[in-house]
Amino acid sequence: MTPVRVLSVASEIYPLIKTGGLADVAGALPLALQACGVEMKTLVPGYPDVMKAMASAETRLELHNFYGGPARLLEGSHDGLALFVLDAPQLFARPGNPYLAPDGKDWPDNGLRFAALSRMAANIGLGAIGSFVPDLVHAHDWQAALAPTFLHYAGGARPGTVITLHNLAYQGLFPRNMIEMIGLPPDSFAIQGLEYYGQVSFLKGGLQFADRITTVSPTYAKEIQTDDGGMGLGGLLRERSAVLSGIVNGIDIAVWNPADDPHIAATYSAGALERRAANKLALQQRLGLPPQPDSPLLGVISRLSPQKGLDLLFANLDTILSEGMQLALLGSGDRELEVRFAAAAKAHPDAIGVVFGYDERLAHLIQAGCDALVVPSRFEPCGLTQLCALRYGAVPIVARVGGLDDTIVDADDAGRLGLAPTGFKFGPVTADNLARALRQARALFADRPAWLGLQRNGMATDVSWNHRASRYAELYHDILATRRIATHHGATS
Ligand code: ADP
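Keep in mind that what you see is a predicted model, and the values were worked out from it rather than measured.

**Comments concerning helix 11 (residues 276-286)**
Within the sequence span of helix 11, burial applies to Arg276, Asn279, Lys280, Ala282, Leu283 and Gln284. Here the buried face of helix 11 lies against strand 13 (297-304), strand 14 (326-333), helix 15 (360-369), helix 16 (385-392), helix 19 (431-445) and helix 20 (448-459). Positive phi appears at Gly288, one or two residues downstream of helix 11, with a value of about 70°.

This is how it looks when you write it as structure tokens:
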């Protein structure tokens, strides 16, 4: 059977450029799909870190004026990933965070930058590269959401399209004149198009025009159809509910493998959990905490944003102290929260250890060394850190929302569901309910065999991409079959 050809379009891809889970998914899915008869190439922007890896890439297209300057489309590979790279220095030759200027604000031309990425995806979709004419274009998040939009307005034959929502909170909103600047027809500025309360929403374009919409967990797929969870797009998502589904993310189990992890102090497996103690000690030392093997050590690895609910954990400082727990927190983002946690660490050096910034190695050590990983998100499309925690025998304490709800089995629900418990869930998401979950975890931690059971259940959970990738493959086949039927009945686009 000839493979299905899919062009994935993403603004981040692990291991080249990452600010969050989107990069992990964009980097893992193409490799996992190889076993499912899907040939996926990924179009990414030519940021400096990407260009460095493209030294031996070949030029496929040269454009004299593409969104304000010359541009090239390169084709190359990195770490087994087949890549198209949009090398447009006027848009992407900027080091650091892909979306933010050094002053911490969005780059003022983000609309142009990601319209260019999407336009190039649409061009490839329409056959610009003879050696790779995709059957489908798979766009991720608002940065790629105009790919299905441009393809819709191109008219005529086009590939199938799918958009995956990794986080509805980021929608790509721009002033009305953006429509003209990026070359969309004036009538696309309409309620049935990209108009969003007088502005232009890139994400809305993708949600409106993609053949299918997926998000990264079934519960989040339901939540975003409500007025509360829909963040202004709930109505549109309800209208499109027949083509909306949730597929839970996996993690790369080769990168996240406690039995063979170069970033941790001692490798281990479910059968040798006593070896985790060396990692707990190393983590305590790294964060300046006194070694206390018998105190439960809580871990956090997170962006510090209101979404992640770490203010609720901060509000539980007293609970952490009174229950004799320690906290190892790695995070970056919200300055105010950083200041508050830094002050707490200073006031309670025996209990609170913090590192601010982005540190992949430390993230691994936290997973391997903490006893419980806390994820108190107010909403969470899927969440990856709790999946890593399962694999590393760190017991997740999570909010009962989105993908956290779908991936963790609470001890109290396990019997009713006929599943093995893997962690603790609390909801509604309040500081008091988090306090209860922390105390519950503290009590169970004292019951060594029960705690060990939770750890082992977590480690036995399949968090890999294997069966998740096949869900995407099925989706692609479904879209193509539906389009064949539509074409047969004379309908295009
Ligand atoms: P989101 O994409 O909303 O930030 P996810 O849980 O889906 O949240 O993915 C976060 C990813 O980024 C995980 O792989 C996590 O380990 C990583 N991560 C988050 N913050 C940091 C940090 N400060 N240092 C290192 N890795 C981090």
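**Focus on the site of the ligand**
Every one of the 18 residues lining the ligand counts as a neighbour, but Gly21, Arg303, Lys308, Gly357 and Leu384 are closest to it. Between the ligand and Asp24, the relevant distance is 3.0 Å, taken from an oxygen atom to a side-chain nitrogen or oxygen of the residue. One of the backbone nitrogen or oxygen atoms of Leu384 is found 2.9 Å away from an oxygen atom of the ligand. Alone, the ligand offers 560 Å² of accessible surface; in the complex the protein occludes 92% of this. Among the secondary structure elements, those contributing two or more residues to the shell around the ligand are helix 1 (21-33), strand 13, strand 14 and helix 15. Split by residue class, the shell around the ligand holds five nonpolar, seven polar and six charged. Each of domain 1 (4-250 + 466-492) and domain 2 (270-459) contributes no fewer than three residues to the shell around the ligand.

**Some remarks on the side chain of Ser217**
In this fold, Ser217 is placed in the loop between strand 11 (212-215) and helix 9 (218-223). In this structure Ser217 comes out as buried when scored by relative accessible area, which is 0%. Reaching out from Ser217, the side chain makes a polar contact with the backbone nitrogen of Tyr220 at a distance of 3.2 Å. A distance of 3.2 Å separates a polar atom in the side chain of Ser217 from the backbone nitrogen of Gly403.

About the criteria used
Residue numbering note: each chain is counted from 1, following its sequence as written. Residue-level local features of this predicted model are given only where pLDDT is at least 70; pairs of side-chain atoms are given and counted only at 80 or more, and the full residue set underlies all totals for whole chains, interfaces and linings. Note: side-chain values were computed over all heavy atoms of the structure, leaving out hydrogens and water. Remark: exposure states derive from per-residue accessible area (1.4 Å probe, protein chains only) relative to the maximum for the residue type, with buried under 20%, exposed over 50%, and partly exposed in between. Helix numbering and strand numbering both begin at the N terminus, where a helix is a DSSP run of H or I of at least 4 residues and a strand a DSSP run of E of at least 2. Residue contacts are defined here by distance: any two heavy atoms, one from each residue, within 4.5 Å place the two residues in contact. Being near a molecule or strand, for a residue, means having at least one of its heavy atoms within 4 Å of it. Throughout this description, a polar contact denotes any pair of N or O atoms lying within 3.5 Å of each other; where both atoms belong to protein, one of them has to be capable of donating a hydrogen while the other can accept it, and for residues adjacent in sequence the pair is counted only when both atoms sit in side chains. In this description, accessible areas are obtained by the Shrake-Rupley approach with a 1.4 Å probe, and a residue is regarded as covered only by the protein chains that are shown. Three classes are used, and their members are as follows: Ala, Val, Leu, Ile, Met, Phe, Trp, Tyr, Cys and Pro are nonpolar, Asp, Glu, Lys and Arg are charged, and the others, Gly among them, are polar. Residue ranges assigned to the domains are those given by an automatic or database domain assignment.

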